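# What the coordinates show
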Amino acid sequence: MSLTSRKAVGAAMTGVTGAAAFLIVLMLGFILWDVVAGGWTRISLEFLTQAPSEGMTEGGIFPAIYGTAILTLLMTVAVLPVGVLTAIFLHEYAPKDSRLAGLVRIAVQNLAGVPSIVFGLFGLGFFIQFVGSGLDRGLSAEGVLRYGQPALIWAALTLAVLTLPVVIVSTEEALRSVPQEWRDASLALGATKSQTLARVILPSAVPGILTGAILAVARGAGEVAPILFTGVAYFLPDLPGTVFSQFMHLGYHVYVLATQSTDVEATKPLLYATVLVLLALTFLLNLIAIVLRIRVRRAAAAGH
């Protein structure tokens, strides 16, 4: 192939890939514009601070905002330790030819491809009917149902299982990015394996681990199917008092407004405004994680 042909092929590939990227950005822009244009006029202090009323055609969505934020935070607290520890075992401690590590990686890959509604059924069967009912039999009076029912904690744990592959893969990639020479130098200076992990590897991998947390938050905050059976409520103006209470959720509230309303036109502004708040909340949680990642990365760079 001549130089001119190679340049033509390169220019064509640049144009095609650039057009694809532009198309994606354009689609995202149209979606955001539609949501903002449809919901901005309905946003008010009352809408953000009050509970729904009048068949959810009036009032606000504060219980749904609160429930979504608490659910996402609980999910993140539950999934990060398990995901990070699993990735550390796979990359730092498991032998290269370990069958157990191979089985875990296969399980993680398969788990990532499971439909989200299946996680909801799993959460119902395992967390509520098995774990929760077991706690009721052991800790509650006979006939009292306290733990074996849909609740905030079971929904959060279900979402933690859903997002676990994201955290494991991201953390393992972050650990893989740490140069092997750093490990060898630390061990050569007399540090133990655990000391090397705590003082050399993990500080360098924290930005990548936080990236996994960002991806987990982005996916978990908007999921509805896994929480349908595990804790979300159709209408609950009171805030959840404990982790064993039911809760409202912005994503489910959007579903209810779109499918259960008797007057679609009356609820359409509320629907758009709720979607706008859900996007803003997700972006805010992501922004917090991104800021933490940047600060940790700068601190690690200053330390080196």
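### Things to note about the packing of aromatic side chains
In this description, a pair of aromatic rings is defined by centroid distance and the angle of the planes. Applying the stated criterion across every chain, the model contains nine aromatic pairs. Consider the rings of Phe62 and Tyr66, whose centres lie 6.3 Å apart with planes at 40°: the pair is tilted. Residue Phe62 and its partner Tyr66 are both found in helix H3 (residues 62-93); the two are separated by four residues, about one turn of the helix. With a centroid separation of 6.2 Å and an interplanar angle of 10°, the aromatic rings of Phe127 and Trp154 are classed as stacked. A residue pair is termed long-range when its members are at least 10 positions apart, and Phe127 in helix H5 (residues 116-139) and Trp154 in helix H6 (residues 152-176) qualify at 27 residues. Given the relative accessible area of 9%, Phe127 is considered buried. Members of the aromatic cluster, joined through ring pairs, are Phe122, Phe126, Phe127, Phe130, Tyr147, Trp154 and Phe244.

### Overview of the packing of H6 against helix H8 (residues 193-222)
Interhelical geometry of H6 versus H8 gives an angle of 150° and a closest axis separation of 8 Å. In terms of orientation, H6 and H8 fall into the roughly antiparallel class. Where H6 crosses over H8, the handedness of that crossing is right-handed. The segment H6 lies against H8, with Leu159, Leu162, Thr163, Val166, Val167, Ser170, Thr171, Ala174 and Leu175 engaging Ile201, Leu202, Ala205, Gly208, Ile209, Gly212, Leu215, Ala216, Arg219 and Gly220. Classifying every residue of the contact of H6 with H8 gives twelve nonpolar, six polar and one charged.

### Brief notes about the side chain of His253
On the secondary structure map, His253 appears in helix H9 (residues 250-259). According to the relative accessible area criterion, His253 is buried, its value standing at 4%. Beyond its immediate chain neighbours, meaning those up to four positions away, His253 contacts Pro52, Met56, Ile61, Met248 and Thr274.

What counts, and at which threshold
Counting of residues starts from 1 at the beginning of each chain's written sequence and follows it residue by residue. Where totals are concerned, whole chains, interfaces and linings use all residues; where local detail is concerned, this predicted model gives features only for residues with pLDDT of at least 70, and gives and counts side-chain atom pairs only at 80 or more. No hydrogens and no water enter the side-chain calculation; it runs on all heavy atoms of the structure. A pair of aromatic rings is counted whenever rings of Phe, Tyr or Trp (Trp by its six-membered ring) have centres within 6.5 Å, and the orientation is called stacked for planes under 30 degrees apart, edge-to-face for over 60 and tilted otherwise. A run of DSSP states H or I qualifies as a helix once it reaches four residues; a run of E qualifies as a strand once it reaches two. Both are numbered from the N-terminal end. Working definition: with a 1.4 Å probe on protein chains only, accessible area under 20% of the residue-type maximum means buried, over 50% means exposed, and in between means partly exposed. Angles shown run from 0 to 180 degrees and are taken between the N-to-C directions of axes, each axis being a line fitted to C-alpha atoms and, for helices, limited to the stretch in contact. Reported orientations rely on four angle classes, namely roughly parallel under 35 degrees, roughly antiparallel over 145, roughly perpendicular from 65 to 115, and oblique for the rest. Left-handed describes a crossing in which the near helix is turned anticlockwise from the far one by less than a right angle; the clockwise case is right-handed. Every residue pair with non-hydrogen atoms within 4.5 Å of one another is taken to be in contact. Three residue categories are used. Nonpolar comprises Ala, Val, Leu, Ile, Met, Phe, Trp, Tyr, Cys and Pro, charged comprises Asp, Glu, Lys and Arg, and polar comprises the others, including Gly.

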